[in-house]
Amino acid sequence: MIRKDTNIFAIFVQSTTAIMKLSKLIPAAAAALVLAACAKTAPVTEPVDYVNPLCGTLSTFALSTGNTYPAIALPWGMNFWTPQTGPDGDGWTYRYDATHIRGIKQTHQPSPWINDYGAFSIMPVTTGPVWDQDVRASWFSHKAEVAKPYYYSVYLADHDVTVELAPSSRAAAFRISYPDTERSYLVVDAFPGGSFVSIEDGRVVGWNSHNHGGVAPGFRNWFVIEADAPIAECFLIADNAEVQGVSSLEAGHAQIMLGFDTAEGKVVNLKAASSFISKEQALENLKEVQGRSFDEVEAAGRKAWNDVLGRIEVKDGNLDHLRTFYSCLYRALLFPRDLSEITAGGERVHYSPHTGEICPGYFFTDTGFWDTFRSLFPLMNLVYPEQSAKVQEGLVNDYLESGFLPEWASPGHRGCMVGNNSASVVADAYLKGIRGYDIDKLWEAVTHGAHAVHPEVSSTGRLGWEEYDALGYVPCDIGIRESAARTLEYAYDDWCIWTLGKALGRSEEELAPYEKAARNYANLFDPEEGLMNGRKASGSFAKPFSPLKWGGDFTEGNSLHYSWSVFHDVKGLIGLMGGEEGFNATLDRVFQLPPKYDDSYYGFPIHEIIEMTVMGMGNYAHGNQPIQHMLYLYDWSGQPWKTQARVREVMEKFYTPWADAYCGDEDNGQTSAWYVFSALGFYPVCPGSGEYALGSPLFSEAVLHLPGGDFKIDAPGNGPDAPYVRKLSLNGRNYSHNYLKHSDIIAGGKLRFSMSETPCESRGTAASDSPYSMTK
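So, here's what we can say about the structure.

So, how was this worked out
Residues numbered from 1 in each chain as written. Predicted model: local features only at pLDDT ≥ 70, side-chain atom pairs only at ≥ 80, totals over all residues. Heavy atoms only, no water. Pairing = 2+ DSSP bridges. Helix = DSSP H or I, 4+ residues; strand = E, 2+ residues; numbered from the N terminus. Salt bridge = Lys/Arg side-chain N within 4 Å of Asp/Glu carboxyl O. Buried < 20%, exposed > 50% of the residue type's maximum accessible area, 1.4 Å probe, protein only. Disulfide = S-S within 2.5 Å. Phe/Tyr/Trp six-rings, centres within 6.5 Å; stacked < 30°, edge-to-face > 60°. Lys NZ or Arg CZ within 6 Å of the ring centre and 35° of its normal. Core = buried A, V, L, I, M, F, W, Y, C linked by side-chain atoms within 4.5 Å. Contact = heavy atoms within 4.5 Å. Axes fitted to C-alpha atoms, helices over the stretch in contact; angles between N-to-C directions. Parallel < 35°, antiparallel > 145°, perpendicular 65-115°, else oblique. Left-handed = near helix turned anticlockwise from the far one by under 90°. Nonpolar A, V, L, I, M, F, W, Y, C, P; charged D, E, K, R; others polar.

What about the sheet that holds strand E17 (residues 312–315)?
In space, the 6 strands of this open sheet follow the order E17-E29-E30-E34-E31-E32, with mixed pairing throughout. Each edge of the open sheet carries a strand with a single partner, namely E17 and strand E32 (733–734). By the bridge criterion, 4 bridges tie strand E30 (residues 709–714) to strand E34 (residues 749–756) in an arrangement that is parallel. Each residue of the ladder has a partner; that of Phe 711, found in E34, is Gly 749.

Describing the pattern of salt bridges
In this structure the tally under the stated criterion is 36 salt bridges. Across the salt bridge formed by Asp 320 and Arg 323, the nearest N and O atoms sit 3.1 Å from each other. Of the two residues, Asp 320 and Arg 323 are both situated in helix H6 (residues 319–332); the distance of 3 residues between them amounts to about one turn of the helix. Here Lys 712 and Glu 701 are joined by a salt bridge, their closest N and O atoms 3.8 Å apart. Highlighted residues: Lys 712 in strand E30 and Glu 701 in strand E29 (residues 701–706), separated in sequence by 11 residues. The partly exposed category is assigned to Lys 712, whose relative accessible area is 28%. Residue classification places Glu 701 among the partly exposed residues on the basis of a relative accessible area of 22%. Ionic contacts of the salt-bridge type, sharing partners, join the residues Asp 526, Glu 528, Glu 529 and Lys 543 into one network.

Comments concerning the state of the cysteines
One pass over the full model with this rule turns up 0 disulfides. Of all cysteine sulfurs in the structure, the one in Cys 55 sits closest to Cys 328, which takes part in no disulfide; the separation is 7.1 Å. Residue class for Cys 328 comes out buried when judged on its relative accessible area of 2%. Between Cys 686, a free cysteine, and Cys 496, which holds the nearest cysteine sulfur, the sulfur-to-sulfur gap is 6.5 Å. Here Cys 686 falls in the buried class, since its relative accessible area comes to 3%.

Section: helix H20 (residues 670–680)
For H20, the buried fraction is high: 11 of the 11 residues fall into the buried class. Regarding H20, the residues found buried are Gln 670, Thr 671, Ser 672, Ala 673, Trp 674, Tyr 675, Val 676, Phe 677, Ser 678, Ala 679 and Leu 680. Just downstream of H20 lies Gly 681, where phi reads positive at about 110 degrees.

Considering the packing of aromatic side chains
For the structure shown, the criterion picks out 43 aromatic pairs. Taken together, a centroid distance of 6.4 Å and an interplanar angle of 45 degrees make the contact between Tyr 178 and Phe 260 tilted. Within this pair, whereas Tyr 178 is found in strand E9 (residues 171–178), its partner Phe 260 is found in strand E15 (residues 248–261), the two being separated by 82 residues in sequence. What makes Tyr 178 buried here is its relative accessible area of 5%. Arranged with centres 5.4 Å apart and planes meeting at 85 degrees, the rings of Tyr 468 and Tyr 490 form a pair that is edge-to-face. Of the two residues, Tyr 468 sits in helix H12 (residues 465–471) while Tyr 490 sits in helix H13 (residues 483–503), which places them 22 residues apart along the sequence. Judged by its relative accessible area of 2%, Tyr 468 falls in the buried class. Here Tyr 490 falls in the buried class, since its relative accessible area comes to 0%. Three or more aromatic residues joined by ring pairs make a cluster, and in this case those are Tyr 632, Tyr 655, Tyr 662, Trp 674, Tyr 675, Phe 677, Phe 682, Tyr 683 and Tyr 692. The positively charged end of Arg 646 is found above the aromatic ring belonging to Phe 591, 4.0 Å away from the centroid.

Description of the nonpolar core
Of all hydrophobic cores here, the largest spans 221 residues; its most connected members are Phe 325, Phe 682 and Leu 704. If near-sequence neighbours (up to four positions away) are discounted, Leu 704 is found in contact with Arg 311, Ile 312, Leu 382, Val 383, Leu 680, Phe 682, Gly 709, Asp 710, Phe 711, Ile 713 and Ile 745.

What about the sheet that holds strand E19 (residues 340–342)?
Ordered by their spatial adjacency, 3 strands build an open sheet running E19-E20-E21, and the pairing between neighbours is antiparallel. Of all strands in the sheet, those bounded by a partner on one side alone are E19 and strand E21 (358–360). Strand-to-strand, the axes of this sheet are offset by a mean angle of 40 degrees, without reference to chain direction.

Observations concerning unusual backbone geometry
The linkage connecting Phe 335 with the following residue, Pro 336, adopts the cis geometry, with an omega of 0 degrees. Position of Pro 336 among the secondary structure elements: in the loop between H6 and strand E18 (337–338). Residue Pro 411 is bonded to the preceding Ser 410 through a cis peptide linkage, with omega at -20 degrees. With respect to the helices and strands, the residue Pro 411 is situated in the loop between strand E24 (408–409) and helix H10 (422–431). With phi around 70 degrees, Glu 264 is a residue other than glycine that occupies positive phi space.

A look at the pairing of E29
Pairing between E17 and E29: 4 bridges, direction antiparallel. Bridging across to E29, Ile 312 finds its partner in Leu 704. Two strands pair when backbone bridges link them, and E29 and E30 are joined in this way by 6 bridges, in the antiparallel orientation. Its bridge partner being in E30, Val 703 is matched across the sheet by Lys 712. Where E29 folds back onto E30 in an antiparallel hairpin, the turn is made up of 2 residues.

Examining the packing of helix H9 (residues 385–402) against H10
Taken N-terminus to C-terminus, the directions of H9 and H10 make an angle of 135 degrees; their axes are 11 Å apart at the nearest point. Between H9 and H10, the angle falls in the class oblique. The handedness of the crossing between H9 and H10 is left-handed. When H9 is examined against H10, the residues Ser 388, Gln 392 and Leu 395 are found in contact with a partner set consisting of Val 425, Val 426 and Ala 429. Here the contact of H9 with H10 is composed, by residue class, of 4 nonpolar, 2 polar and no charged.

Set out below in structure tokens:
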């Protein structure tokens with residue numbers, strides 16, 4: 001067997017037929033040299049080879065470069081696997097600057113701030129029967145680590161062990177290369193928080209109830225692990241102390257340690273699977289990898305990733321651009337997670353975190369709509385419509401089982417962020433032609449959520465809906481935090497409901513309140529300040545006012561960031577700001593101001609503040625979601641060349657394909673999806689409108705392979721010194737608009753950019769060239 005020992009930062013492509021034939025004819029050492037030579041010279045031929053799962057892992061509580069971990073998984077898979085450098089329960093499960101690995105963990109964590117549920121880990125050891133996570137931890141080096149979406153390996157130096165992993169959706173295959181030692185061990189850590197382990201029919205069976213909320217009483221994640229080597233001895237550990245004379249154990253923190261005879265060295269193959277339903281279903285899920293070799297599981301995972309990544313084909317002479325693009329696209333295809341399972345009878349069912357019952361159909365989770373409504377879900381609707389239909393079916397089940405659509409789910413409703421942006425997720429999908437689910441039930445769900453709040457999780461539904469409905473805004477002096485942010489997002493969400501209702505043929509009488517409420521954003525515009533401001537129940541604006549104050553009436557940002565959250569009516573906002581001249585001056589001001597801030601609401605500079613200050617772009621805070629669309633707003637105000645320059649600047653400056661990949665939290669695919677769209681040359685500023693604002697394409701050539709036909713984007717002569725659009729044609733005809741229609745893209749065709757080193761101040765300046773706005 002030739003082990004794949006290649007640096008993660010090297011692009012390695014196997015020339016499969018020739019190399020495999022050659023490896024049978026020459027010694028292994030010589031074959032390794034040939035493979036190394038090919039790694040240096042062979043061109044990358046498949047999208048997955050560009051992906052670096054370690055992107056964004058050089059993060060801390062104080063400064064995020066993504067707050068990610070290497071998710072070794074299938075697209076939208078139920079289970080992810082990751083090397084674990086942090087202690088059990090630590091949200092920062094893997095940090096690039098760590099020196100020790102404690103185990104290979106099955107994880108469902110969407111974010112360090114939300115943390116994990118249903119986690120357990122395995123750890124090979126050779127230093128005797130040690131199970132304490134600090135004692136068993138091993139030094140490792142990135143030079144002896146390989147991370148791909150479908151494969152992970154690492155050399156554990158303290159144990160002289162190489163462990164390899166290849167995932168399926170609900171299971172995984174492991175290949176553990178032990179050294180020549182009389183006996184080696186495997187620790188299975190079921191994690192604190194209530195767990196159980198046992199040996200049944202020669203395999204490990206266990207469960208854990210580890211979670212941080214969002215589950216029903218009795219929650220368990222069942223797991224099964226089987227090895228192809230006989231178990232020579234077994235230890236059971238309760239709360240870090242060995243318990244003798246038992247074959248099963250339930251404890252606050254249960255672990256089990258298996259011993260294998262490994263004299264003369266031995267490769268032990270493991271198969272592992274889990275289920276949120278039952279032990280029997282975990283065994284059923286194990287069939288995903290049973291009867292297949294490790295290499296076959298790995299190959300299937302590679303194909304699965306190439307199939308989805310290959311929907312978008314880009315060409316560029318800059319290798320780092322390709323690495324960044326496909327690494328971002330990989331991140332955008334992980335969440336929301338498909339929590340459904342397939343029974344022995346072929347039925348698709350899921351554990352409901354809302355009720356604890358087993359229910360039919362799809363269920364998706366581990367996403368926060370406050371982040372992902374902006375571009376993650378629009379990307380799915382455009383490029384992966386068949387997956388979007390499944391997600392919408394899952395939302396129907398959310399509503400049937402809990403009475404609400406989720407706003408932040410992990411796995412059930414979680415108290416996090418603001419807004420009622422499930423309305424956007426539902427509306428954008430339906431308005432873009434996604435079908436195959438009960439849209440009437442989702443209409444019921446979005447209208448119910450607009451006038452209700454979850455009785456236990458106040459971020460689900462609309463907190464302050466009574467005051468919002470009565471006054472047209474959520475007052476800032478009634479004990480509801482971040483009231484201005486809520487009002488601005490509720491107004492957009494009402495526009496989504498109104499627009500969806502029109503498409504569904506709902507009556508004008510039913511829709512009139514939502515049409516009116518869609519303009520509620522104007523109630524927070526403070527003409528004295530020229531920006532959005534909190535407003536008291538009496539009608540007066542909050543004073544004193546500082547545009548640099550983070551938090552308070554806004555969410556993880558200040559008024560300079562949130563004043564642009566009028567996705568659906570940019571023309572109306574332009575009017576409030578005194579016309580295009582005043583609007584553009586205010587946009588410019590964000591970049592011209594130094595990165596000063598007022599952190600008095602938090603009492604310290606939160607990581608989002610620090611990420612703004614270090615990026616060198618004034619008060620623009622791309623590391624957080626509220627302002628990410630703002631760069632495109634010059635498309636509405638007659639200065640599209642400023643959008644082109646700023647978007648290109650952010651792509652080149654704020655994103656890399658390395659461990660410091662992002663300028664803030666990656667957030668379940670949203671910050672990655674921003675890059676994917678922007679690199680293609682357009683962005684969904686207003687999901688639900690059916691339009692995309694145009695920017696500056698990064699590549700000389702890109703192709704979207706869509707069900708309705710290929711959509712090709714050409715930008716000959718494109719380069720780092722040519723961010724400006726001089727001329728544009730769509731399907732061979734001159735095109736002056738600053739937007740693309742969704743219908744034009746999905747029909748297939750060709751968009752051709754003529755790029756320039758200098759701005760073209762005559763193209764895209766007419767009023768008719770602006771993208772959609774509720775106000776004409």
